[in-house]
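Survey of secondary and tertiary structure
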Protein chains: 2
Amino acid sequence: MILLDGKKTASNIKDEIALKVKSLKNKGKKVPHLAAIIVGNDGASLTYVNAKVKDCKQVGFDSTLIKLSKEITEQELLSEIDKLNKNNDIDGFIVQLPLPKHINEQNVIMAIHPDKDVDGFHPTNVGKMALNLPTFISATPFGILELLGRYKVKTEGKHVVVIGRSHIVGSPMSILLSQKRTVGNSTVTLTHSRTKNLKEITLQADIIVAALGIPEFLTADMVKDNVTVIDVGITRVDDTTKKNGYRLAGDVKFDEVSKKCAFITPVPGGVGPMTRAMLLKNTLLARINKE
Amino acid sequence: MILLDGKKTASNIKDEIALKVKSLKNKGKKVPHLAAIIVGNDGASLTYVNAKVKDCKQVGFDSTLIKLSKEITEQELLSEIDKLNKNNDIDGFIVQLPLPKHINEQNVIMAIHPDKDVDGFHPTNVGKMALNLPTFISATPFGILELLGRYKVKTEGKHVVVIGRSHIVGSPMSILLSQKRTVGNSTVTLTHSRTKNLKEITLQADIIVAALGIPEFLTADMVKDNVTVIDVGITRVDDTTKKNGYRLAGDVKFDEVSKKCAFITPVPGGVGPMTRAMLLKNTLLARINKE
């Protein structure tokens, strides 16, 4: 069993990006600038967005964090977005989700200019992704492609089973892996809450992407030998043996499933760090696209 | 075995649209106006586009056919498109594909305003489709959904196997049928030229969408009893017993496969007429969206 080490791979990617930034600087060129908008004081969201700013610093990007009150109106938020769209110094930006309930997330996503939408959530970018055109692929699916690619996991002709059809992971993952691309050309089955006989299907899989958000859902009896498992889940589970009272659990029962695996991602340290690294990669791309 | 009669269903849909047009007229409202651009004199393309104009007349739409020389430059074509984008009288328009080789089809598709893109080929509309947002679903997948829906073919929890990953049929079909929608909620496997053991997979299918463009590819030994088969293929095959020297063949060996089917589309008279009807439905939608 080979561990798909997202932490180490993300660190390598960040080193590569940092080198690229140095080279831009040496040529007297502008370095990438990522802005992030956060609305309100949700603890988890703040943690995520602070991590993104820290990542920027680490690779030499400029970054701007815009903290807005949770009382802001949708119109006010849209006008902040408009400013970032028009600000030539900002190469890409994100609006940290979720947003307070009085704000329509879809309107917000639609307001971000596709050329600055480094999260890859705008319909135009989702459409380009689905059409296999150059675009910002959203960070989690992009990170999974990159991880599979760097570990040379063979995907062509393999049967991939994706569990979970979210717009952020499951659905794009199923689209991408079935396309003609280096990491792709797989036969993909997309499964979800309405799927019958899931176990019959996962037992046929050469590669499983578990992205349903139910801790330790995928068990050893559901997979065949030599399977590759990508665990996208990350849920806090009560654990009294831990100092902070919880542990982070993936969607895969790692201890038992990993014994049957050719490759498997750990949680934490698998898909998570890759997601963070790919946001940087998209921001670099946004900068380069403008050259 | 029940025949999914696309010809009859399309005729019903056209009657419904014609009624809707009458009601618009009675209210003193504008009727939908479809424009079609055709470049060059390709026989098949002319046949298709003339049929679309005829369909418009039949349901009471206004229509405009713009015939351009095959020598036209890409820039000239783009400026024609720009005129249609700006022409308030035109609710929706299409550019008949394929285009001469010196014109980049993707540039042309990108130039059509998404709100007038009744073919549903613009990335923004493809993205909205993938995100299950209201949009123009391209005519062939839309027609298949409609046909399944009107015949009340159960799709929820069913295993759908799509053969062929084209951007026009196979890929959107796989996306749509796996979504939370009335005709949808299926477990979908998307197969293609790199798929191994295709027969093993099709034998598990409750519903098969054959869209690979190889005449009579799907044979009886590849399907289980009570399967539903949607045949998207339509290829001219030499046939000396016919006056014109050919017959139209689907991707399914109809005579033998139909015996095992719960439902099956004929070729011709299945998916084809539905595709034509759904272009009208999208044009009506474009008109209504502007009200």
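Residues numbered from 1 in each chain as written. Chains lettered and ligands numbered in written order. Predicted model: local features only at pLDDT ≥ 70, side-chain atom pairs only at ≥ 80, totals over all residues.

**Some details on the overall build of chain A**
Broken down by element type, chain A carries ten helices and eleven strands. The C-alpha radius of gyration of chain A comes to 19 Å, within 12% of the 19 Å expected for a compact globule of 291 residues. Taken along the three principal axes of its C-alpha coordinates, chain A extends 55 × 40 × 35 Å. Across the 291 residues of chain A, 50% fall into the buried class. (Helix = DSSP H or I, 4+ residues; strand = E, 2+ residues; numbered from the N terminus. Rg over C-alpha atoms; globule rule 2.2 N^0.38 Å. Buried ≥ 20, exposed ≤ 12 C-beta atoms within 10 Å, placed from the backbone.)

**Considerations on the sheet that holds strand β6 (residues 187-191) of chain B**
Across the sheet, which stays open at both edges, the twelve strands sit in the order β1(A)-β11(A)-β8(A)-β7(A)-β5(A)-β6(A)-β6(B)-β5(B)-β7(B)-β8(B)-β11(B)-β1(B) with mixed pairing between neighbours. The two strands at the open ends of the sheet, each matched to only one other strand, are β1 (2-3) of chain A together with β1 (2-3) of chain B. Sheet topology places strand β5 (residues 159-163) of chain B next to strand β7 (residues 207-210) of chain B; four bridges connect them, and they run parallel. From the neighbouring strand, B:Val161 faces β7(B), where its bridge partner is B:Ile208. (Pairing = 2+ DSSP bridges.)

**Section: the domain arrangement of chain A**
You'll often see interface size given as the accessible area lost when the parts meet. When the domains of chain A are assigned, the result is domain 1 (28-113) and domain 2 (139-272). A straight line from the C-alpha centre of domain 1 of chain A to that of domain 2 of chain A covers 29 Å. (Domains from an automatic or database assignment.)

**Structural notes on the relation of the copies chain B and chain A**
Rotating chain B by 180° about the axis while translating it 0.0 Å along that axis superimposes it on chain A, leaving an RMSD of 0.0 Å. When the rotation and shift are considered jointly, the pair of chain copies conforms to a two-fold rotation axis. (Least-squares fit on C-alpha atoms with pLDDT ≥ 70 in both.)

**Some thoughts on the interface of chain B and chain A**
In this assembly, 27 residues from chain B lie in contact with 27 residues from chain A. Only α5 (123-130), α7 (170-178) and β6 of chain B provide two or more residues apiece to the side of chain B that touches chain A. Element by element, the count of residues in the side of chain B that touches chain A is highest for α5(B), at seven residues. Looking at the side of chain B that touches chain A, its residues break down into nine nonpolar, 13 polar and five charged. (Contact = placed C-beta atoms within 7 Å. Nonpolar A, V, L, I, M, F, W, Y, C, P; charged D, E, K, R; others polar.)

**Some points on the packing of helix α6 (residues 139-150) of chain B against helix α10 (residues 271-290) of chain B**
The geometry of a pair of packed helices is captured by two quantities: the angle between their axes and the separation between those axes. All names here are of chain B. At a minimum axis separation of 8 Å, α6 and α10 run at an interaxial angle of 105°. As summarised for this structure, α6 and α10 are arranged roughly perpendicular, according to the angle between their axes. Of α10, the residues touching α6 (which contributes Ala139, Thr140, Phe142, Gly143, Ile144, Glu146 and Leu147) are Val271, Met274, Thr275, Ala277, Met278, Leu279 and Asn282. Here the residues of the contact of α6 with α10 sort into nine nonpolar, four polar and one charged. (Axes fitted to C-alpha atoms, helices over the stretch in contact; angles between N-to-C directions. Parallel < 35°, antiparallel > 145°, perpendicular 65-115°, else oblique.)

**Some remarks on the nonpolar core**
Grouped together as the largest cluster of nonpolar side chains are 168 residues, with contacts concentrated most on A:Ile208, A:Val209, A:Ala210, B:Ile208, B:Val209 and B:Ala210. The contacts of B:Ala210, once residues within four sequence positions are left out, are B:Ile163, B:Phe217, B:Leu218, B:Val229, B:Ile230, B:Asp231, B:Val232, B:Gly233, B:Asp251 and B:Val252. (Core = buried A, V, L, I, M, F, W, Y, C linked by C-beta atoms within 7 Å.)

**Here we look at α6(B)**
Residue and element names in this part refer to chain B. Here α6 is twelve residues long and its end C-alpha atoms lie 16 Å apart, about the 16 Å a rise of 1.5 Å per residue gives. The element α6 is extensively covered by neighbouring structure, given that ten of its twelve residues are classed as buried. Along α6, the residues that are buried comprise Ala139, Thr140, Pro141, Phe142, Gly143, Ile144, Leu145, Glu146, Leu147 and Leu148. Buried positions along α6 lie against α1 (6-26), α7, β7, β8 (227-231) and α10. Phi for Lys152, located one or two positions after α6, is positive at around 50°. (Expected span 1.5 Å × (residues − 1).)

**Side note on the sheet that holds strand β3 (residues 62-68) of chain A**
Residues and elements named next belong to chain A. Strands sit in the order β3-β2-β4 across an open sheet of three strands; the sheet is parallel. Whereas interior strands pair on both sides, the edge strands pair on one side only; in this sheet they are β3 and β4 (92-95). The mean angle between the axes of side-by-side strands here comes to 15°, regardless of whether they run parallel or antiparallel. Inspection of the sheet shows strand β2 (residues 33-39) paired to β4 by four bridges, in the parallel sense. The residue of β4 that forms the bridge with Ile37 is Val95. The strands touched by helix α2 (residues 43-59) are β2 and β3; relative to β2, the strand with the most contacts, the crossing angle is about 170°.

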